[in-house]
Amino acid sequence: ANIYEVNIRQYTPEGTLNAFKELLPRLAEMNVDILWFMPIQPIGERNRKGELGSYYSIQDYTAINPAFGTVEDFKAIVDEAHALGMHVLLDWVANHSAWDHPWVKTNDDFYTRDEDGSYPMEAIGNDGGKTGWTDVADLNYDAPLLIDSMAAEMDWWVSNTGIDGFRCDMAGMVPYAFWEHTIPMLREKHGPLFFLAEWNEPHLLSTFNADYGWELHHMMNDIAKGHKSVYDLEVYAAKNGAVYNDDAMKLYFTSNHDENSWQGSAIERMGEDARAFFALAFMMDQSFPLLYTGQEAGIDYRFPFFSKDTVGVDWSANADHADFYATLFDLKHKHPALWNGAYGGEMTLATDTAANTVMISRTLGEDQVNGYFAFGGSEVVGGEDAGELVIDIHGAKIYTKTLATNE
């Protein structure tokens, strides 16, 4: 499966759930499997940043931002997505809330106090230091009722809208006891829900289905800038294989909402090699690939984080980008060698630092997929017996091959 991140505010000129719903068939035609919606709840007004505030400053966990629509509008999207064969995840912010969330008045022990004993306190990091997220208040899971209260808010969405799981924001900043309690409880009640942790620590995968591949993301950016060598990919693959279990799944990406807004679009950071890096991450053996709003239209600009985009995505632009991602996703569906985690095939990865090239091969039984990548303007050279060419773009060629079996 693959996952597609939906930024409702920036997706259409209207910035509403109903406007997005009209484009669901386009995503189904692109072979998208899972839709991850960034937070769609009301945004806090106290200490708000910018004109519209951060999606991650939640004022009410069990409501819809009125600028986006209604609960009924979202439920209609979930139903339509299911009818089109897709699943839906909702972003969940368990580490902090808006300063004007009702809990601030009704349950002051739910919040971390500052040195003077005042509450709440702005979100703090795992080391106890300030994060700079001055628009959100830090939740205190030492409070006896907070775990059950937060779990009930998550349960509300599954019970009332039929979503299939959650992408959990800053999962490692929330005490693991919360996830250890909440995830099994929700699965026992609702069935096999999917949980994606925005964090990268192996122990989380004893509860979560997948975590983030931040290290690979930053490494690809550094290779694109010439700050690291392709050989670092070999080191990464070996280390990752040793640290994570065989059934681990990692979210690999070249863009997401944070990276686009604060670091630049994938094209801005990686230039002509942006799609080649996506294809490389796509072929890694633990890969659970993510596509962000607008990548399939070849956007090369940043969405503002605290206000409405005034440019607007032209979904008909750069059809070759949409075709590329649709073809990749179809390739994964049809070739078990590329499936995620323990379901996929073994990986062979080799690099040539002089030529700045990478070869990745995935094999499961008779099924083999071979990828050849070249960065910084180097020429992509496929193997003599690599198979049938199915992807041929700047910086990447991917082949499929059926291996002979021993009688």
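Residues numbered from 1 in each chain as written. Predicted model: local features only at pLDDT ≥ 70, side-chain atom pairs only at ≥ 80, totals over all residues. Heavy atoms only, no water.

Trainee: How should I be thinking about the pairing of strand 10 (residues 287-292) in this particular structure?
Mentor: Each regular strand displays side chains that alternate between the two surfaces of the sheet. With 6 of its 6 residues buried, strand 10 lies for the most part within the structure. Of the two faces of strand 10, the one carrying Ser287, Pro289 and Leu291 and the one carrying Phe288, Leu290 and Tyr292 are both buried. For strand 9 (residues 250-252) and strand 10, the ladder comprises 3 bridges, and the chain directions are parallel. The residue bridging Leu251 from the neighbouring strand is Phe288, located in strand 10. (Buried < 20%, exposed > 50% of the residue type's maximum accessible area, 1.4 Å probe, protein only. Helix = DSSP H or I, 4+ residues; strand = E, 2+ residues; numbered from the N terminus. Pairing = 2+ DSSP bridges.)

Trainee: Is there a simple way to think about the nonpolar core in this case?
Mentor: The nonpolar side chains of a soluble globular protein tend to be buried with one another. In this structure, Leu35, Phe37, Phe74, Phe166 and Trp179 are the most contacted members of the largest nonpolar core, which totals 125 residues. At 9 residues, the largest contribution of residues to this core is made by helix 12 (residues 274-283). Every residue in contact with Phe74, bar those within four places of it in the chain, is listed here: Leu17, Phe37, Ile40, Ile64, Val88, Trp157, Thr161 and Ile163. Core analysis: the next-biggest nonpolar cluster, separate from the first, contains 5 residues, Tyr372, Val380, Ala386 and Tyr399 among them. (Core = buried A, V, L, I, M, F, W, Y, C linked by side-chain atoms within 4.5 Å. Contact = heavy atoms within 4.5 Å.)

Trainee: Please clarify how the side chain of Gln295 should be interpreted in this entry.
Mentor: Note on placement: Gln295 falls in the loop between strand 10 and helix 13 (319-334). Not counting the four nearest positions on each side in its chain, Gln295 is found in contact with Thr254, Ser255, Ala266, Leu290, His321 and Tyr325.

Trainee: Would you mind showing me how to read the packing of helix 8 (residues 214-225) against helix 12 here?
Mentor: Between two packed helices, what matters for the description is the angle formed by their axes and the separation of those axes. As a packed pair, helix 8 and helix 12 sit with axes 11 Å apart at the nearest point and diverge in direction by 145°. Of the two possible hands of crossing, helix 8 and helix 12 adopt the one that is right-handed. Counting all contacts with helix 8, which are made through Leu216, Met220, Ile223 and Ala224, the residues of helix 12 involved are Phe277, Leu280 and Ala281. Per-class residue counts for the contact of helix 8 with helix 12 are 7 nonpolar, no polar and no charged. (Axes fitted to C-alpha atoms, helices over the stretch in contact; angles between N-to-C directions. Left-handed = near helix turned anticlockwise from the far one by under 90°. Nonpolar A, V, L, I, M, F, W, Y, C, P; charged D, E, K, R; others polar.)

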